[in-house]
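What follows is the residue order along each chain.
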Amino acid sequence: MSGLPQANGQRYHFDIYAILEGSQELYFGHEVMINVNMVETVRLVLPNGEGIEKCYLSPTKRRGIERRCLLWAPCSNGKMLGEKLDCHIPKTCTKPECPVCAVYGGLITGKQTLIGRLTHGGGVAIQPLLPEEKQRAMHPSAILNDPNTNSPTPFKRQYNEPGLLYPVYNHCLSVTEDEFQAVAYAFLDSLARIGSGNPKGASLYEVDNAPLLVVDKYLVPHGARPVISPGETSVERALQIFQDKARRVNGGTGNGEHITVNNGNFERWIGWSAHQKLQKWADTFVNRVLKAND
Ligand SMILES: [Zn+2]
């Protein structure tokens with residue numbers, strides 16, 4: 001048993017596919033080597049046997065940022081949503097009726113688990129550009145001082161270079177449209193807050209003035225999934241693959257930006273249509289949950 005109450009209305013699967021661009025250098029805290037704060041990278045082997053290393057916007061970090069966006073969302077009663085729901089990080093309320101825990105899952109150690117139905121994927125940068133190490137004058141949270149010297153220890157931090165592109169994916173399993181509204185809100189709201197420390201922020205990457213964004217709502221997965229191989233190192237090829245797969249829908253009819261199959265068994269929105277659709281869901285979430293009088 002899932003432990004979830006029967007849904008009020010039809011459940012669907014929902015997917016978001018997007019290519020994000022780091023608007024400036026970004027820091028995703030990973031581990032602290034001796035006086036250097038490192039960012040997370042991944043290693044992979046290309047089909048020709050060559051080993052490469054790439055920057056990584058890990059799905060678990062994106063998930064944490066999204067959950068925080070929801071818990072810190074402003075409510076009309078002057079509270080933040082987490083305070084209103086008594087749902088926090090790491091102390092999640094784990095109630096199936098909590099709009100955050102219902103999709104992101106929750107855990108009360110040894111007592112109660114609510115399995116999340118939202119999973120995050122992707123995040124391996126397209127360009128194989130390694131992080132840059134920079135001297136910083138701020139105080140790191142963890143620094144290894146040499147107790148034998150009185151002078152301040154130099155502090156360095158690594159950064160992901162600006163302009164790196166990160167294909168990212170959010171997948172929802174059997175959620176209602178109401179439940180997905182929280183995910184739409186969190187996805188859009190988290191863009192400006194991606195990264196730890198300062199600076200922060202990524203944006204939806206645009207080609208020909210349209211964001212590389214696809215949103216699917218379905219019972220049967222009729223569309224090609226616009227996923228980029230982590231081994232792909234050419235931006236030009238990756239963008240082409242994303243756009244080709246976005247438009248490849250088996251048996252679909254529509255205007256190019258909104259495609260439906262078999263009476264709504266599969267629906268896909270592309271580019272600005274996908275963006276508008278997410279905004280509409282996010283607006284409904286704000287009106288229904290954040291502005292609720294209770
Ligand atoms: Zn909760």
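The residue count restarts for each chain, going from 1 along the sequence in the order it is written. This being a predicted model, a pLDDT of at least 70 is required before a residue's local features are given, and a value of 80 or more before pairs of side-chain atoms are given or counted; all residues contribute to the totals for chains, interfaces and linings. Side-chain metrics rest on all non-hydrogen atoms present in the structure, leaving aside hydrogens and water.

**Student:** Whenever I open this one, the packing of aromatic side chains confuses me. Can you help?
**Tutor:** To describe a pair of aromatic rings, you give the distance between the ring centres and the angle between the ring planes. Working definition: a ring pair exists when centres of Phe, Tyr or Trp rings (six-membered ring for Trp) sit within 6.5 Å. Plane angles under 30 degrees give stacked, over 60 give edge-to-face, the rest tilted. Under the defined criterion, the tally for this structure stands at ten aromatic pairs. Their ring planes at 90 degrees and their centres at 5.1 Å tell us that phenylalanine 180 and tryptophan 281 sit as a pair that is edge-to-face. Taken together, the residues span a long stretch of sequence, with phenylalanine 180 in helix H4 (residues 177–190) and tryptophan 281 in helix H6 (residues 272–290) at a distance of 101 residues. Tryptophan 281 shares its class with phenylalanine 180; the two are buried. For the pair tyrosine 218 and phenylalanine 266, a centre-to-centre distance of 5.9 Å together with 40 degrees between the ring planes defines the contact as tilted. With tyrosine 218 in strand E15 (residues 213–218) and phenylalanine 266 in strand E18 (residues 266–270), this residue pair connects regions lying 48 residues apart in the sequence. By relative accessible area, which is 11% here, tyrosine 218 ends up buried. Remark: exposure states derive from per-residue accessible area (1.4 Å probe, protein chains only) relative to the maximum for the residue type, with buried under 20%, exposed over 50%, and partly exposed in between. Residue class for phenylalanine 266 comes out buried when judged on its relative accessible area of 1%. Among the aromatic residues, those joined into a cluster by ring pairs are Tyr12, Phe14, Phe180, Trp269 and Trp281. Positioned above the aromatic ring of tyrosine 12 is the side chain of lysine 217, whose terminal nitrogen or guanidinium carbon lies 4.4 Å from the ring centre. In this arrangement the basic side chain of lysine 277 is found over the ring face of tryptophan 281, its NZ or CZ atom lying 5.0 Å from the centre. Per the convention used, a helix needs a DSSP run of H or I reaching at least four residues, while a strand needs a run of E reaching at least two, with both numbered from the N terminus. Whether a charge sits over a ring depends on NZ of Lys or CZ of Arg being within 6 Å of the ring centre and within 35 degrees of the ring normal.

**Student:** Please clarify how the coordination of the zinc ion should be interpreted in this entry.
**Tutor:** Each pair of donors in an ideal four-coordinate tetrahedral metal site encloses 109.5 degrees, whereas pairs in an ideal six-coordinate octahedral site enclose 90 or 180 degrees. Note on the zinc ion: its protein donors are Cys87 (SG), Cys93 (SG), Cys98 (SG) and Cys101 (SG). The metal-donor distances range over 2.3 to 2.4 Å. Distances define the donors: N, O and S atoms within 2.8 Å of the metal qualify, as do those within 3.2 Å of Na, K or Ca. Water is excluded, so some sites may look unfinished. For the zinc ion, the single-chain donor residues occur in sequence as C-x5-C-x4-C-x2-C.

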